[in-house]
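Take a look at the letters that make up each chain.
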Amino acid sequence: MLINCAAYQEGHKLSDIPKEDISEYLKRPGCFVWVALKDPSSAELDEMREEFSLHELAVDDARSGHQRPKIEEYGDSLFAVLKAVEPHEDELRLGEVDIFVGSNYILSVRKQSEKGFADVRSRSENEPHLLQYGAAYVFYALIDKVVDRYFPVLDGLETELEAIEEQIFVKNQARSNIEALYELKSKLMVLKHAVDPLMEAVGKLYGGRVPQICAGMGEYFRDVYDHLQRLHATIEGIREMLATAIQVNLGMISLNETEVTKKLAAWAAIIAVPTMIAGVYGMNFKHMPELEWEWGYPLAMLAMIGIDVWLYSWFKRIRWL
Amino acid sequence: MLINCAAYQEGHKLSDIPKEDISEYLKRPGCFVWVALKDPSSAELDEMREEFSLHELAVDDARSGHQRPKIEEYGDSLFAVLKAVEPHEDELRLGEVDIFVGSNYILSVRKQSEKGFADVRSRSENEPHLLQYGAAYVFYALIDKVVDRYFPVLDGLETELEAIEEQIFVKNQARSNIEALYELKSKLMVLKHAVDPLMEAVGKLYGGRVPQICAGMGEYFRDVYDHLQRLHATIEGIREMLATAIQVNLGMISLNETEVTKKLAAWAAIIAVPTMIAGVYGMNFKHMPELEWEWGYPLAMLAMIGIDVWLYSWFKRIRWL
Amino acid sequence: MLINCAAYQEGHKLSDIPKEDISEYLKRPGCFVWVALKDPSSAELDEMREEFSLHELAVDDARSGHQRPKIEEYGDSLFAVLKAVEPHEDELRLGEVDIFVGSNYILSVRKQSEKGFADVRSRSENEPHLLQYGAAYVFYALIDKVVDRYFPVLDGLETELEAIEEQIFVKNQARSNIEALYELKSKLMVLKHAVDPLMEAVGKLYGGRVPQICAGMGEYFRDVYDHLQRLHATIEGIREMLATAIQVNLGMISLNETEVTKKLAAWAAIIAVPTMIAGVYGMNFKHMPELEWEWGYPLAMLAMIGIDVWLYSWFKRIRWL
Amino acid sequence: MLINCAAYQEGHKLSDIPKEDISEYLKRPGCFVWVALKDPSSAELDEMREEFSLHELAVDDARSGHQRPKIEEYGDSLFAVLKAVEPHEDELRLGEVDIFVGSNYILSVRKQSEKGFADVRSRSENEPHLLQYGAAYVFYALIDKVVDRYFPVLDGLETELEAIEEQIFVKNQARSNIEALYELKSKLMVLKHAVDPLMEAVGKLYGGRVPQICAGMGEYFRDVYDHLQRLHATIEGIREMLATAIQVNLGMISLNETEVTKKLAAWAAIIAVPTMIAGVYGMNFKHMPELEWEWGYPLAMLAMIGIDVWLYSWFKRIRWL
Amino acid sequence: MLINCAAYQEGHKLSDIPKEDISEYLKRPGCFVWVALKDPSSAELDEMREEFSLHELAVDDARSGHQRPKIEEYGDSLFAVLKAVEPHEDELRLGEVDIFVGSNYILSVRKQSEKGFADVRSRSENEPHLLQYGAAYVFYALIDKVVDRYFPVLDGLETELEAIEEQIFVKNQARSNIEALYELKSKLMVLKHAVDPLMEAVGKLYGGRVPQICAGMGEYFRDVYDHLQRLHATIEGIREMLATAIQVNLGMISLNETEVTKKLAAWAAIIAVPTMIAGVYGMNFKHMPELEWEWGYPLAMLAMIGIDVWLYSWFKRIRWL
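So, here is what we can say about the structure in this document. Residue positions are given per chain, counted from 1 along the sequence in the order it is written. Key to labels: chains lettered from A, ligands numbered from 1, both in the order written. It should be noted that, the model being predicted, local features are given only for residues of pLDDT at least 70 and side-chain atom pairs only at 80 or more, the latter also being counted only at that level, while totals for whole chains, interfaces and linings use all residues. Side-chain calculation: all heavy atoms of the structure are included, whereas hydrogens and water are not.

**Thoughts on the sheet that holds strand β3 (residues 31-38) of chain A**
Residues and elements named next belong to chain A. Spelled out, the test is: Two strands pair if DSSP finds at least two bridges between them. Helix and strand assignments come from DSSP, with helices taken as H or I runs of at least 4 residues and strands as E runs of at least 2, each series counted from the N terminus. Only the contacting stretch of a helix is used when fitting its axis, a line to C-alpha atoms as for every element, and angles between N-to-C directions run 0 to 180 degrees.
What the seven strands build is an open sheet, ordered β2-β1-β3-β7-β6-β5-β4; its pairing is mixed. For this open sheet the edge positions go to β2 (12-16) and β4 (70-74), each flanked by a neighbour on one side alone. Looking at each pair of strands side by side, their axes are set apart by 20° on average, direction ignored. In terms of strand pairing, β3 meets strand β7 (residues 105-111) through six bridges, oriented parallel. In the sheet register, V33 faces β7, and the bridge partner there is Y105.

Below, the structure written as structure tokens:
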């Protein structure tokens, strides 16, 4: 589905153009074309391939999807694959944003992703001094947008970790904690696989040898790289705390087991001792003087209760109860 | 066993040729020979060594098999070892594909592998514009095919992991889960040992200094490399989730132990308390007024049942039962 | 909030200057301006951006905060982000120190951090032979100060670890130990995220290609780098010991469980044996000669007590009690 | 002990020579001397040092032994340390092979190693076309031999791992499994310490800058390197499976514990319920109508047995028994 | 405290000299001064700084101590920090050796270290052919000495590990094993922090670009580097075995728990069954024919004993007892 198709010159929008005219505008000097597709059909991609003379392999990747994030050079054009990570109910939904960029065109292909880039377009159109950098600036703005959207997702995961941390030393929460930890780990891996390869790829867009198209934008791409590094470091931090939390949780489960065993032992003693005494006075020996005593029964009961009170307070003292 | 032996010129098949004529066709300019062997005898390999003047060490490797994936340069020819990974019943079967490639020949040797490359051959013959790149293109197409066949295998492992994840928090599944996790780990390692060294090797076929033979095919080999990186990243992801799942499974086992102990403790209490009371009224003291009461027995029974009902509901409340 | 704003020449302070005059002093040869802000408003930052013509992206980073430590070049000026780590009650509080430095100015922005840099300023003013290195020296002095403040924090964590190590083999401390270990790990991660990226960044300020502004100060920045490496090595050491301590703690919990089970078993035996004997003599067989004996009862009691004494001493000997 | 000392020229053996004549033969052009020592005395080493003018530090290393594998350049000669790993009863015995090689001599020193290199010598003498490469070829042949001998050792360890894997999910094997896993780990570490440093060292004998002496032998040393990489990869694979197996074993131990506890609980219930019922009818209340019934006793017994049969089948059903 | 102060020329000692004369001797061509300090006061260090014109930052490091091992260049002189590791009772004591070396002087500062370098001095003086390399040779000899002293310490740790390994599968040793493992880990970390940074530092003293002062000594420093690598590899090996041993120990603890539970269960059954039978014959039913039998009591006793004998032998057979 074609979302948008417009031509720009010297930082200003010329007009929306029909997609058939794209190749014409590409010939005009100082002019660039910006096209946005959403979940395009195979035919639409073929059309674009012809208009922009894109490389076969790049279009194949865009068509089949499920690529890992990357930025590839094809001659003097670039092909970028980014992952859109959007929280959806209790899961992270993974969309894809493919960007084809050349000296005078930019084509973004959004797949299985709710959030579009209308705001990138309108903000760019309001900043002609930046937009006149051309397609490279739009390329930067799109990547920056996708990366910026990772932050709230990661904040959500950090909040989840904190919620678990508050529960981790609470008794009888071990089961729900362990499930939450595993689920959090799964989500973290999704984000990690979106961030890490992209960081590596963006790192090649500034500094030493950069693709011709990105020349002069170094500080902008370094800024994106810096954001990705921040995401990466936070992800690694959460990952390490998660590993520790899982171990600690295991410890809490074992501690809990010990406490249950202690309780079992304490109550077993409290019940078993009177049972033993009762057993003794239930013996059928002819000569058992206590049985004849008038106060035998109350005394026996007193002994039982007394011992149990003492046992109970003792177990309380050593914290078995 | 000789599967196929044909000569090609300018992207088109000349004809199937007898293997004795190979060296003749090799002398024709612009012509290349494509030979496919399957589980060849030592003698067949020697024959090929002579026809193509292959390097002794490379032929030795192909003969003995069980090499790790690699791509080696011998002068201006290449020798590649790839692993064919094929699911077979509950296991992964490991075959080997060895490829010898020079400027005007390609020789593939398939061992212990069911799936052949007939489709690579027929597709190549239908695309003369690609086939005219010569042996290097066939080399690419074969590697690409082997690598593409890893994806369904890996998808199968991912599906297995998901199946385990669904079972991991279910009670009484710990034993089968742990077995499934270990088996999955074994299979993953098989795939990992097929993918990782190959990724490293293919990474040297594009970019900076590449073997003469692969010059001009950079974008194709980068595409294969990209697929291998995707496989690698997914394998690492599964591997990390597996490690976490094994730990979580251990936690579940411990949790289960605690629950069994709690049940044991609860039922022990429910049985022990009436036993104690019965013991008390089984004592043989002369003076035990309750024994004389008409309602003594029913009252004692009521007390026992009452206490047990209370215990039962209390254990239910604290979730020990 | 403006803390300080002064101009310096040839190692000596000229005077405090109003912030409106900054751009004037910047024009004087051999003169540099040193400004310190604390939790500045957005407006104050804009003012500074104009006076010093700072780069938009750098000012944006300083405004939004929560950056990871880094040192970035913008043309011939540098922008550094450092983390101030200050212990506060039982936690580590994380502030930020942003430094903009050019050939003739230095601007420090302190956020959410209690401790200022008045001592750096006064010490610098007392050492004209160093201060005449200009802004680069002040830049070094500020970084050095921030880094030096990490040492007491890290010493505190080492002391915490030692305190835990003393408790780790003490019985019944497992729960508090595990909590302490997790908390320590959290704090360690905070410090690690302050130290590691900074180490990487400072490493680029000496040796091969360094920013123009730091030329000639190599030995000073290497000294800072060396301190950061020492912090890093100590953090890694604590981290590894922590991981081991968590595992050892888990072992202690399991050991404790075993000991509780042994105690339970021993006492169960001591109670169950007399109960069994009493049960035997509570049987109602007509012909039980022992029941008739005059010494039957005392003998039975003696047997019970004797067996229990023997059991008790035996359990003591095998250390179950 | 001198095993062998011979001079070679143009790929053919001239004759065995007395060690005093070594220095003479070294002067002949196109001639090289091959000496083999076994567990030499310090004096023998000194003698060799003089004949071949070896470097002091290298001879010191050969004398003291217990070096890690390495290949060092001393001027235009090489000094190599390799580990001979030989299975002996249930252990791996570690010998050492030191090789001094120059342009016209090769000296091998074998220590605490059973297996000699007579087959290397005889095979070399039968392949004059290879032997005429001179000392470098013998150097390659010796290293290749030592490395080839690692394979059966590693195969043995793989077989051990498979044997453990077959036992790992079998009940009541946990103790022997854990011992076997630890022992296997120890052996694996021995092999790893023999292989890894050598791989690193051999990697420097082909490709870019190589020692003068190895020039032209690149493909042979790459072949050795490739074998070492294969060993390395297999060792890492076993190591990772071992780590997983140890964790899985821990899980099996815990599972077993749970099963024992379940059995304990089930039998406790089966014994405790009749005991409780018997207790009730052992009470001494005057008015207990059941006691008077003619069928009271058989009915009570029936109740006990009936409940137990039901309990038993129920525990069977929930797999506690 | 000044230990020694002497001047050397052409490999021979000129004489002990008073420290005030140092700067004079430094001016003599071909002469170098060797000074050894032990736990020097701040004043002594200042004195040396002046005599040798040492760099402020280096002297600061030597003064404050607690540096990590490193070798730093200050102009054409070097400053090295090494750790002296000395076993003391059950701990490892950490001293420091700081070395300042220039083309014509060497100054060693020993702190909190028992063992001096008198043997290095006397051996050097006996080897004029080596000593005439000048200060660089002494520098090598001191580092070599410090490194050589790590070997017996590491051997001690290996012996400790072996002692633990012998105990690890012995029952009831888990607690002492776990304590020993943790203590060994602590010591290992101390040694690791002494070895690893030094290895890195020494690695820069040979090969490519080396400090002017070490030129021509490459083979000696490579020898030290090789020793450090050997130490490093052994430390890593112990570290990995330690990690495995801790896990195995955890398994042994759990196994032990299972065995205790089995014992508990077996004895519980042996006691509970007779108790149940006794309970049955303790019931007060009017009509219990067995009670009337003359052989009722002995038969009941026989049944009890018989069942117990059978249970006992059965539990023995399944190894619960």
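**Concerning the sheet that holds strand β4 (residues 70-74) of chain B**
All names here are of chain B. Our working definition: Any two residues whose heavy atoms approach within 4.5 Å at even a single point are treated as in contact.
Strand order in this open sheet of seven strands is β2-β1-β3-β7-β6-β5-β4, and the pairing throughout is mixed. The sheet terminates laterally at β2 (12-16) and β4, the two strands that pair on one side only. Neighbour-to-neighbour, the strand axes of the sheet open up by a mean angle of 20°, direction not taken into account. Bridge count for strand β6 (residues 91-102) against strand β7 (residues 105-111) is seven bridges, and the pairing is antiparallel. Within β7, the residue paired with D98 across the bridge is V109. Strands β1 (2-9), β2 and β3 (31-38) of the sheet are contacted by helix α4 (residues 118-126), whose axis makes an angle of about 160° with β3.

**A few points about the relation of the copies chain A and chain B**
Note the threshold: All copies are superposed by least squares; the fitting set is the C-alpha atoms of residues with a pLDDT of at least 70 in both.
The transformation that overlays chain A on chain B combines an axial shift of 0.0 Å with a rotation of 72°, and the residual RMSD is 0.1 Å. Such a combination of rotation and displacement between the chain copies is what one expects of a five-fold axis. No C-alpha of chain A lies nearer the rotation axis than that of A:G282, which sits 4.7 Å from it.

**Some remarks on the interface of chain B and chain D**
As a reminder, the rule being used: Accessible area, probed at 1.4 Å, shrinks when two parts are joined; the buried area is that loss added up over both. Each reported salt bridge corresponds to a side-chain nitrogen of Lys or Arg within 4 Å of a carboxyl oxygen of Asp or Glu. We call two N or O atoms a polar contact when they sit within 3.5 Å, provided that within protein one can donate a hydrogen and the other can accept it, with sequence-adjacent residues counted only if both atoms are side-chain atoms. Polar here means any residue outside two lists: the nonpolar Ala, Val, Leu, Ile, Met, Phe, Trp, Tyr, Cys and Pro, and the charged Asp, Glu, Lys and Arg; Gly therefore counts as polar.
Facing 51 residues of chain B, the contacting portion of chain D comprises 45 residues. Contact between chain B and chain D buries roughly 4500 Å² in total, counting both sides, with carbon and sulfur atoms accounting for 62%. Taken together, chain B and chain D are joined by six salt bridges. The partner of B:R175 in a salt bridge is D:E259, with the nearest N and O atoms 3.4 Å apart. At the surface where chain B touches chain D, the tally comes to 18 residue pairs in polar contact (both at pLDDT 80 or more). If you list the elements that add at least two residues to the side of chain B that touches chain D, you get α3 (56-64), β4, α8 (174-202), α9 (218-281), α10 (289-292) and α11 (296-317) of chain B. Taken together, the residues that form the side of chain B that touches chain D break down as 22 nonpolar, 14 polar and 15 charged.

**Some points on the interface of chain A and chain B**
Chain A puts 52 residues into the contact, and the matching count from chain B is 45 residues. Broken down residue by residue, the surface that chain A buries against chain B is led by A:R175, A:Y182 and A:Y297, which jointly contribute 19%. Linking chain A with chain B are six salt bridges, by the criterion used here. Close ionic contact of A:K185 with B:E240 constitutes a salt bridge, the shortest N to O distance being 2.7 Å.

**A short note on the relation of the copies chain B and chain D**
Mapping chain B onto chain D calls for a rotation angle of 72° and an axial translation of 0.1 Å; the resulting RMSD is 0.0 Å. Comparing contact sets, just 18% of the residues at the interface of chain B also lie at the interface in chain D, consistent with a heterologous contact between different surfaces.

**A look at the packing of helix α6 (residues 135-148) of chain B against α9(B)**
Residue and element names in this part refer to chain B. As a reminder of what qualifies: Convention used here: angles under 35 degrees read as roughly parallel, angles over 145 as roughly antiparallel, angles from 65 to 115 as roughly perpendicular, and any remaining angle as oblique. If you view the pair so one helix is near and one far, a crossing is left-handed when the near helix is turned anticlockwise from the far one by less than a right angle, and right-handed when it is turned clockwise.
Following both chains from N to C, one finds α6 and α9 inclined at 15°, their axes separated by 10 Å at the closest point. On the basis of their axis angle, the class for α6 and α9 is roughly parallel. Every pair of crossing elements has a handedness; the one defined by α6 and α9 is left-handed. Across the interface between the two elements, A136, F139, Y140, I143, D144, V147 and D148 from α6 touch Y220, F221, V224, H227, L228 and L231 from α9. Across the contact of α6 with α9, the residue classes break down as 10 nonpolar, one polar and two charged.

None of this, on its own, says anything about what the molecule does.
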